[in-house]
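# Secondary and tertiary structure notes
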Amino acid sequence: MNAALSTIIPVLFILFVFISSALKILKEYERGVIFRLGRVSQALIGGTGPGLILIIPFIDKLQKVDLRVITMDVPAQEVITRDNVPVKVNAVVYFRVVDPIKAVTDVENFIAATSQIAQTTLRSVLGESELDELLAQREKINQKLQEIVDKHTDPWGVKVSTVEVKDVELPQEMKRAMAKQAEAERERRAKIIAAEGEFQASMKLAEAAEVMKPNPITLQLRYLQTLTEIATENSSTTVFPFPIDLFKPFLEGASKMLPKA
């Protein structure tokens, strides 16, 4: 009896190890690439999984591939733009594996390879752009970066969905120069707006003068209205020129009342 148990226990242990090595579980977002004696199993189409996977121990080797979107920061790159402005730019890349077999067999490390492609493409594209384009046309540059990086990673079974330039760091001298430029632009716009306002006001005054021209008394009424507005202000002394035309009706009336010689 003891001899039988001593024989059965090792067999059960070996069977347990064999079964545990043969059964693999892949999660919903994982796919497996099976190498059978060093060659990819021909029965695989786009990898195997998810769920319970059965392999042959010591003959098959399973390599798992994550299909989730990977967010990768591109290290800051020092770039000289087309208009000779040195800037430091960093970006972020969103990509995922769409063909696990290519991602395993066609490139040693698809994450590192994608990172290197993103860095070189970032320097190349921004080196062909001017500073104004980099600051004002960010969406266009992002699209161009995505297309180039995706083209290079497509043979590896990797799909690049988005490339976003996160931050553009300018030298302090350039920041001061841009601030002066912005201030000068605001002053130019303010002067143009003030000049347009004066022009419109002069046009309205010319129209008002044409209205007052047939009736000179309206000018005197406007004069008296201005005196009333000034009188409401809290000023101790107001010096205001008094036109002699206001006395003209009184002088004419007085001259008529005087006896003729």
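Residues numbered from 1 in each chain as written. Predicted model: local features only at pLDDT ≥ 70, side-chain atom pairs only at ≥ 80, totals over all residues. Heavy atoms only, no water.

With that settled, consider the packing of aromatic side chains. Under the criterion given, the structure shown has zero aromatic pairs. Here the guanidinium or amino end of Arg 68 rests over the ring plane of Tyr 29, the centre of that ring lying 3.8 Å away. (Phe/Tyr/Trp six-rings, centres within 6.5 Å; stacked < 30°, edge-to-face > 60°. Lys NZ or Arg CZ within 6 Å of the ring centre and 35° of its normal.)

Let us now look at the pattern of salt bridges. Summed over the entire model, instances satisfying the criterion amount to 10 salt bridges. Arg 82 is the partner of Glu 133 in a salt bridge, and the nearest nitrogen-oxygen pair spans 3.7 Å. In this pair, Glu 133 is assigned in helix H4 (residues 131–136) and Arg 82 in the loop between strand S6 (70–80) and strand S7 (86–97), connecting sequence segments 51 residues apart. The exposure class assigned to Glu 133 is partly exposed, which follows from its relative accessible area of 26%. Connected through salt bridges with shared partners, the residues Arg 82, Glu 130 and Glu 133 form a single ionic network. (Salt bridge = Lys/Arg side-chain N within 4 Å of Asp/Glu carboxyl O. Helix = DSSP H or I, 4+ residues; strand = E, 2+ residues; numbered from the N terminus. Buried < 20%, exposed > 50% of the residue type's maximum accessible area, 1.4 Å probe, protein only.)

Take the sheet that holds strand S8 (residues 158–169) next. Read from one edge to the other, the open sheet built from three strands follows the order S6-S7-S8, with strand pairing classed as antiparallel. Looking at the sheet topology across the chains shown, the edges are occupied by S6 and S8. Sheet twist, expressed as the average angle between the axes of neighbouring strands with direction ignored, equals 25°. In this structure, S6 lies alongside S7, joined through nine bridges in antiparallel fashion. (Pairing = 2+ DSSP bridges. Axes fitted to C-alpha atoms, helices over the stretch in contact; angles between N-to-C directions.)

Here we come to a nonpolar patch on the surface. A cluster of nonpolar side chains, contributed by Ile 8, Leu 12, Leu 15, Phe 18, Ile 19, Leu 23, Ile 25, Leu 52 and Leu 54, occupies part of the molecular surface with about 900 Å² of accessible area. Residue assignment for the nonpolar patch shows that the elements contributing at least two residues are helix H1 (2–22), strand S1 (23–26) and strand S4 (51–54). Take Phe 18: it is sitting in helix H1. (Patch = residues over 30% accessible without salt bridge, like charges linked within 9 Å, V, L, I, M, F, W, Y side chains within 5 Å. Areas by Shrake-Rupley, 256 points an atom, 1.4 Å probe, with all protein chains shown as cover.)

In this section: unusual backbone geometry. A positive phi angle, close to 55°, is found at Leu 37, a residue other than glycine. Its place among the elements puts Leu 37 in the loop between strand S2 (30–36) and strand S3 (39–40). Phi at Asn 84 takes a positive value of approximately 60°, unusual for a residue other than glycine. By the secondary structure assignment, Asn 84 is in the loop between S6 and S7. Given a relative accessible area of 64%, Asn 84 falls into the exposed group.

To continue, consider the nonpolar core. Membership of the largest hydrophobic core comes to 37 residues, with the highest contact counts inside it found for Val 87, Val 89, Val 93 and Leu 122. Counting residues per element, the ones that place at least two in this core are S2, S6, S7, helix H2 (100–105), helix H3 (110–127), H4, helix H5 (138–153) and S8. With seven residues, H3 is the single largest residue contributor to this core. Once residues lying within four places of it in the same chain are set aside, the contact partners of Leu 122 are Val 74, Gln 77, Val 89, Ala 91, Leu 145 and Val 165. The next biggest cluster of nonpolar side chains, apart from the first, holds five residues, and it includes Leu 26, Ile 34, Ile 53 and Leu 62. (Core = buried A, V, L, I, M, F, W, Y, C linked by side-chain atoms within 4.5 Å. Contact = heavy atoms within 4.5 Å.)

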